[in-house]
Amino acid sequence: MSGGVGGGGGRPGRARRGGSTGRPADARGAPAGGPTGSRSRPDARWQAFAPGRVNLIGEHTDYNGLPVFPIAIDRGVRIDFRVTNDGAVRLDSPVARFDPFAFQLKRPIEAAGQGDWSNYVRAAARGLLEHGVRLERGIEGTVTGDVPIAAGLSSSSALVVASALALLKANGTTLPRLELAALMARAERFVGLEGGGMDQAACLHGREGHALRIEFEPLRVTPVAVPEGWRWVVASSLVRAEKSAGAREAYNERARQCREALGGVGGGGGADHGRTRAAGGVGARRGAVSDSAARDARGDATTERPAYRDLVAEGNLDDLLRRARRVLAPVLFRRFRHVVTEGRRVALAEAAMRDGDMRRFGDLMVRSHESLRDDYEVSTDELDAIVEVALGAGAAGARLTGAGFGGCAVVLCDHRTVAPVMEAVAARFYAPRLGRPPTGEEMFAVRAGGGAGVGERGANDGRGRVPS
Ligand code: NG1
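Here is what the cut-offs are and how they apply
- Residues numbered from 1 in each chain as written.
- Predicted model: local features only at pLDDT ≥ 70, side-chain atom pairs only at ≥ 80, totals over all residues.
- Helix = DSSP H or I, 4+ residues; strand = E, 2+ residues; numbered from the N terminus.
- Buried ≥ 20, exposed ≤ 12 C-beta atoms within 10 Å, placed from the backbone.
- Contact = placed C-beta atoms within 7 Å.
- Axes fitted to C-alpha atoms, helices over the stretch in contact; angles between N-to-C directions.
- Parallel < 35°, antiparallel > 145°, perpendicular 65-115°, else oblique.
- Left-handed = near helix turned anticlockwise from the far one by under 90°.
- Pairing = 2+ DSSP bridges.
- Near = placed C-beta within 6 Å.
- Nonpolar A, V, L, I, M, F, W, Y, C, P; charged D, E, K, R; others polar.
- pLDDT = per-residue confidence, 0-100.
- Core = buried A, V, L, I, M, F, W, Y, C linked by C-beta atoms within 7 Å.
- Domains from an automatic or database assignment.

Bringing the overall build of the chain into the picture now. Helix and strand content of the chain: 12 helices and 12 strands. Counting across all 468 residues of the chain, residues that qualify as buried make up 57%. The contacts of the chain with a sequence gap of at least 6 include a subset with a gap of at least 24, amounting to 74%.

Here it is in structure tokens:
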């Protein structure tokens, strides 16, 4: 998100990991803003916290109705707030480029300009109101956080979810987590991204020490214990993946191409899908085929066409791909191949994690990256370089995480390889580009953390979680 919140000086009582500056970071990972811990909100009785996430495998599958396999991370977005009785939402941020804003819950909520961070809060409020939640009271407070922005770590959904939890608390009401996750996935589309439902579900269902298999239509979340000794490292490519701006079109184009490819393969096999028009371009039949996740997220009318899930479940993947190659233009075929093989890899990766087989899991991460690079075309030279250096230094697996187009890579190591891998990436990727070692905002180890919550500020347990 460009409009997310960066930095925050750490949550109260929470120790920062070594290497962190302890100050907020902008999307390039450089320290930004002031010493935000000093912006106290003595009148803020409440605190909402929502974590970012790192997707371990299952990329660009959620909006195609196929599973994903992320962890919620031990970094997130926090809103310290008090309740207002006039229905106003007034929020600020210690980060200079995020201007304070205000809007009224009792009037129609319009979008602010493209890239404006308030849109994520407006999206949450609109989503709740359209769902029939009565929001009589507003919130006034300060947003802080330590998820790097526009990095594919879902700072945007963390802000959406934290805002929703704050508004629900202010109005003395709650929603079941699954319902809220599906609702916020729809709501976040207000910013113009045809996204799936992974981020909001991961944020709300995070569990310490667990990865999350998330399935769609209906939304389901299954925690899977991360084996002892598995270590995750996140490394920024130093390139922003601005989903509220530049990367949005490329992302939405992929979603359109997937729908068109599905129409070609599922729609009887004889059609000339994409062969006579620019793939995913002006001629793409947007909305003509609605896959299950998109239906789930958008609440669209149902369609008789099979979903990706049905095609993958039909059985032999090679047969399916042979059929797809016959009927699809090359670009659409590659998009299709990524989606269906990635769906298969998620199932295999979950089995590898349950077996404690790091090598197998790592191999699947590498195959996922190759597919995202070659078939889905969302990687960058920088992401490829991080993956190559990490693997060369002994990592079990590495891949881009999130939508791509910049953002971060995630690397799987064991306790012995984590230090040499981080040293190699620092020396061979960051040093030539930055002329200095990376900060703890550019490369850091993450753990699978707990889910979002809201409660009294004093109830924070020191690890950023508050009771829901
Ligand atoms: P990032 O760019 O990592 O926040 C986006 C989508 C996800 C998913 C991934 C690609 C939103 C809010 N996020 O995530 O749903 O599609 O790309 O796997 O739409």
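Before going further, it helps to spend a moment on the packing of helix 8 (residues 317-327) against helix 9 (residues 330-354). As a packed pair, helix 8 and helix 9 sit with axes 10 Å apart at the nearest point and diverge in direction by 165°. Looking at the two axes, helix 8 sits roughly antiparallel to helix 9. Here helix 8 and helix 9 pass one another in a crossing that is right-handed. Two secondary-structure elements touch here, helix 8 through Leu317, Leu320, Leu321, Ala324 and Arg325 and helix 9 through Phe333, Phe336, Arg337, Val340 and Arg344.

This part covers unusual backbone geometry. Put simply, Glu217 and Pro218 share a cis peptide bond, and its omega is 0°. Within the fold, Pro218 resides in the loop between strand 6 (210-215) and strand 7 (220-225). The phi torsion at His60 lies on the positive side, around 60°, for a residue other than glycine. Along the chain, His60 falls in the loop between strand 1 (46-57) and strand 2 (69-84). Here His60 falls in the buried class, since 26 other C-beta atoms lie within 10 Å of it. The phi dihedral of Leu238 falls on the positive side, at around 70°, and the residue is not glycine.

In space, the 4 strands of this open sheet follow the order 9-10-8-11, with antiparallel pairing throughout. Strands at the two margins of the open sheet, each flanked by one partner only, are strand 9 (397-401) and strand 11 (443-446). With direction set aside, neighbouring strand axes in the sheet form an average angle of 25°. Here strand 8 (residues 231-236) runs beside strand 10 (residues 408-413); their pairing, made up of 6 bridges, is antiparallel.

What surrounds the ligand is a group of 18 residues, the closest being Gly152, Gly195, Gly196, Gly402 and Ala403. Split by residue class, the shell around the ligand holds 4 nonpolar, 9 polar and 5 charged.

With that settled, consider helix 4 (residues 198-205). One full turn of an α-helix is made of 3.6 residues, so residues set three or four places apart face in the same direction. Most of helix 4 sits inside the fold, with 8 of its 8 residues counted as buried. Among all positions of helix 4, only Met198, Asp199, Gln200, Ala201, Ala202, Cys203, Leu204 and His205 are buried. Residues of helix 4 that are buried sit in contact with strand 1, strand 2, helix 2 (155-170), helix 3 (177-188), strand 6 and strand 7.

Quick look at the sheet that holds strand 1 now. With respect to topology, 6 strands assemble into an open sheet ordered 4-3-5-2-1-12, the strand pairing being mixed. Looking at the sheet topology across the chains shown, the edges are occupied by strand 4 (101-104) and strand 12 (453-456). Along the sheet, successive strands turn relative to each other by an average axial angle of 25°, direction set aside. Bridge count between strand 1 and strand 12: 4 bridges; the pairing is antiparallel. Looking at strand 12, one finds that Gln47 is bridged to Gly455. On top of the sheet, helix 2 reaches strand 1, strand 2, strand 5 (138-145) and strand 12; it is set at about 150° to strand 1, its chief contact.

To continue, consider the confidence of the model for the chain. Scored by pLDDT, the chain has a mean of 83; 80% of the residues are at 70 or more. Low pLDDT, under 50, characterises residues 1-38; the stretch is placed with 126 contacts to residues that sit more than four places away or in other chains. Taken together, the stretch residues 268-303 has pLDDT below 50 and engages in 84 contacts with residues farther than four places along the chain or on a different chain.

With that out of the way, let us pick up the nonpolar core. One finds Ala124, Val161, Ala162, Ala166, Val411 and Leu412 to be the most contacted residues of the largest nonpolar core, which totals 134 residues. With 11 residues, the single largest contributor to this core is helix 2. Two domains each provide a minimum of three residues to this core, namely domain 1 (46-226) and domain 2 (248-446). Not counting chain neighbours up to four residues away, the residues in contact with Ala162 comprise Ala48, Phe49, Ala50, Val77, Arg78, Ile79 and Ala452.

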